[in-house]
Each structure stands twice: as structure tokens, then as C-alpha cells.
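# Structural characterization, general
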Amino acid sequence: MSKRLKKSFKVLLVGAGNVGSRHLQALKAVKIPLKIFVVEPSAKSIRLAKERYDSAPAGKFFHEVAYRKEIPDGNDLVDLAIIATCSDIRAEVIRKLFKKSKVRFLILEKLLFDKREDYDSIGKLIKQSVTRTWVNCPMRMMPSFNHLQKEFLGKRIFYNTTLSNDGLITNAIHYLDHMVFLTGSDDFTINTDGLDKQTVSSKRNRFIEFTGALRVLFKNGSIGDLVCFRGGNVPILVQFYCDKVMCLIKETESKAWISKAVSGWKWNEIRAPLLFQSQLTTRLVDDILVEGVCQLPAYEQSKKIHLQLLEPLLKFLNEHSRKKYNSYPFT
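A brief structural summary. (Residues numbered from 1 in each chain as written. Predicted model: local features only at pLDDT ≥ 70, side-chain atom pairs only at ≥ 80, totals over all residues. Heavy atoms only, no water.)

## Topic: the nonpolar core
Note that soluble globular proteins tend to have their nonpolar side chains buried in a common cluster. Note the cut-off: Buried Ala, Val, Leu, Ile, Met, Phe, Trp, Tyr and Cys residues that are joined via side-chain atoms within 4.5 Å together make up what is termed a nonpolar core. Three labels apply to residues, based on accessible area from a 1.4 Å probe with only protein chains included: buried if under 20% of the type maximum, exposed if over 50%, partly exposed otherwise in between. The helix count covers DSSP runs of H or I at least four residues long, the strand count covers runs of E at least two residues long, and both are numbered beginning at the N terminus. Here, two residues are considered to be in contact whenever any of their heavy atoms come within 4.5 Å of each other.
Core analysis: the largest hydrophobic core is formed by 103 residues, its most contacted members being Leu214 and Phe240. For this core, the element with the highest residue contribution is helix H6 (residues 168-183), accounting for ten residues. Filtering out sequence-adjacent residues up to four positions away, Phe240 remains in contact with Phe145, Leu148, Phe152, Phe158, Tyr159, His178, Leu182, Val245, Met246, Cys247 and Ile249.

## Here we look at the pairing of strand E15 (residues 255-260)
Inclusion rule: Only strands that DSSP links by at least two bridges are regarded as paired with each other.
With six bridges connecting them, strand E14 (residues 245-250) and E15 associate as antiparallel partners. Of the residues in E15, the one forming a bridge with Val245 is Lys260. Sheet analysis places E15 next to strand E16 (residues 267-271), joined by five bridges and oriented antiparallel. If you follow Lys255 over to E16, its bridge partner there is Arg271.

## A word on the pattern of salt bridges
It is possible for side chains of opposite charge to pair when their charged atoms get near one another. Note the following rule: Criterion for a salt bridge: a side-chain nitrogen of Lys or Arg within 4 Å of a carboxyl oxygen of Asp or Glu.
Summed over all chains, the structure comprises 20 salt bridges. Between Lys303 and Asp120 there is a salt bridge whose closest N-O contact spans 2.7 Å. One end of the pair, Lys303, is in helix H8 (residues 299-320); the other, Asp120, is in helix H4 (residues 116-129), and 183 residues separate them in sequence. Residue Lys303 is classed as buried on the basis of its relative accessible area of 14%. On the basis of relative accessibility, which here comes to 30%, the residue Asp120 falls in the partly exposed class. For the salt bridge of Asp186 with Lys304, the shortest nitrogen-to-oxygen distance reads 3.0 Å. Here Asp186 is found in the loop between H6 and strand E8 (188-191), whereas its partner Lys304 is found in helix H8, with 118 residues between them in sequence. On the basis of relative accessible area, Asp186 is assigned to the buried category, the value being 17%. Looking at Lys304, the relative accessible area reads 30%, which means it is partly exposed. Three or more residues joined by partner-sharing salt bridges are found here, namely Arg116, Asp120, Glu300 and Lys303.

## Concerning the environment of Asp187
We apply this condition: Polar contacts, as counted here, are pairs of nitrogen or oxygen atoms within 3.5 Å of one another; within protein the pair requires one atom able to donate a hydrogen and one able to accept it, and residues that are adjacent in sequence qualify only if both atoms are side-chain atoms.
Mapped onto the elements of the fold, Asp187 is located in the loop between H6 and E8. Each C-alpha atom, one on Asp187 and one on Asn220, is 8.0 Å from the other, the two residues being 33 residues apart in sequence. Every residue in contact with Asp187, bar those within four places of it in the chain, is listed here: Leu217, Phe218, Lys219, Lys304 and Gln308. Only 2.6 Å separates the side chain of Asp187 from the side chain of Lys304, close enough to count as a polar contact.

## A closer look at the side chain of Glu209
Put simply, the rule is: Two residue types count as positive, namely Lys and Arg, and two as negative, namely Asp and Glu; His and chain ends fall outside the count.
Within the fold, Glu209 resides in strand E10 (residues 208-209). One buried charged residue, Glu209, remains without a salt bridge, the closest side chain of opposite sign being Arg204 at 7.4 Å. Within the structure, the side chain of Glu209 is placed 2.9 Å from the backbone nitrogen of Ile169, a separation counted as a polar contact. In contact with Glu209, not counting residues within four places along its chain, are Gly167, Leu168, Ile169, Thr170, Thr199, Val200 and Ser202.

## Quick notes on the sheet that holds E16
Hydrogen bonds along the backbone pair up the strands of a sheet, which may run parallel or antiparallel. Basically, it comes down to this: An axis is simply a line fitted to the C-alpha atoms; with a helix, the fit covers only the stretch in contact. Between two such axes, the angle follows the N-to-C directions and lies from 0 to 180 degrees.
In spatial order, the strands read E8-E11-E12-E7-E13-E14-E15-E16; together these eight strands make up an open sheet with mixed pairing. The open sheet is flanked by E8 and E16, the only strands paired with a single partner. When strand polarity is set aside, the average angle formed by the axes of neighbouring strands in this sheet is 15°. Lying on the sheet, H6 is in contact with strand E7 (158-164), E8, strand E11 (212-218), strand E12 (223-229) and strand E13 (237-241); it crosses E11 at an angle near 25°. Relative to the sheet, H8 contacts E8 and E11, its axis offset from that of E8 by approximately 30°.

Structure representation (C-alpha cells):
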């Protein structure tokens, strides 16, 4: 596709912690010239981000990188903003950004926000600003097995995943989005009966997590089971199947097995490496800035998925916790 590109694109990255620094690392390999502004108040996080960026292999272009403690003033155009903060401050960050700049494209980390009202108010702001916005649930992008979507689309599927010693909720949004991608259905309810009543501390301060099991019941009859053991070292295992195809993924081994009715249900082993954020963002930014599209879920659909997950979790939490919450304490 022959498109005339600008001399350089302005990319704003807000939040340079563990995930944000991986976004920055990936920007180094983007195949079009960038002016990158990293906004991060923590000196420790800035040092980590600089180390990861400097250690990444050189790309086609030398990109300009500047570090700031606050979103720069100027009301100039930002071609792409990536908001990689925690959920409790993300909405306010977006509001500040939109007051200061016109933003063409926006990528938001998940979980999106900690307050119910922010999902609607930020949605309205995005719509008014005509900013194309996506949420970073990238299982849709994994090339090894997502070509199978055409085999599952519109069908009743069964999906289950197991993990341990990890955040059930921060992982659940990824698997929920993948189920929506496979089935083409985003109408579901969450059964919380299998959750452990006692929460655990999140890896990030100020937040909590659940262990136990969630059951996802889709309007089209599909069922998903997401299980996180409180202890042990159960490897991450993902399975999804319908009446014509079965797929099993061992994430820790970067392997998948696919079996189809048309081939007599013989198992075919394939390499299935899960791409790291330091690889995914390179592809995302190239696609967005050149073509204006990417494979991530759009904001409105991801908003619906988030709320169908978070509202039952908040209800369960308040039924079983001494402390009563009026916001979602997850990130």
C-alpha cells in the first residue's frame, strides 16, 4: 500500500513501569520515524525504561526519545498515545491528555478503570474527540492458533484455562476477550460461585486479586471455565473446542496441539510462542500509524466485556468482605 508518511510521528507513552517500559522497548523497532515522549513521575521507573530501551536492538530508524514527569503542554497533535498506568488513575490521565492535545489513536492497558462511571464518561470523550481507541488484550494477535477463528465463529464452544499463583482477574480479561473473538459473541454472564472468598494481594500495591474459579456463560450457549489455584505451580494450560475442532495450548512450553474432525481427530503439534509486549507493540504501532487499524478489541466492545466481568466481582467481594467497596480494586 503506497501511502505518503509524515517525516515523523509523535507517540506519547504515559506510564513507564513494568508494562509501559516493555511498550517503550518495542517502539525502538518501529519501522517509521518517531518522536517519543515518555511520561512517568517515578525516577526508578524512568531508569528501568531507559535500560530496557537502550538494551533493545537498533531498528531501522533512530527515534527521538524525551522523558517527562507530566504530560507536555502545547495542544499539538499526538499521533498515538499509549496509556500504561494502573486502573485507578487511567481515566484522569486520559482527561488531562485530551485537554492538552488532539489524539488520533489511543491504546489503553487493561483493566481499564476502577470506577463504573468512568467507562461511560471516557467512552463519550473518545467519541467526541473522534479518537480511534483499542484495549490491549492481544491474544487475538497470536498467529500460531488464531487462524482457527473461522472454525469457531458462530458456534457453541467450550473454553477452559488453568493457572496458579497469578492474578485470576488480570488474566481473566485476556481469556474472556479471546472467547469473544473466537465465538463472535460478547453477551455473557459470570458465575462467581467457585471463587475463594478470601482475596489475595495483587502484585501491584493498592489492589487485590481473587483465586478460585469463574464460569462464563454465553448467550449463544458457549461456556468458559477460568481457574486459578492459590498455591502450587500448575502450568498455564488453555483449551478450547467445538464439535469440529479442538485446540490445546501449553503457554509455558510455547506449544499447541490442534485436532480436527476432517483429519480423523489426529493431533497436530505446532510451535505456538506467545509474543511478548516488547514484540507486540512494534507490530501494533506500525499497523496503526500506517494503516489506521490493528487487531486489538475496540474500546466499546472491551468496555462491555470489562463491565460484564467486573460488576459480578464487585458484588461477590462486597458480600464476603468486611470492607465494602464502591469501586473495582483490580488492575
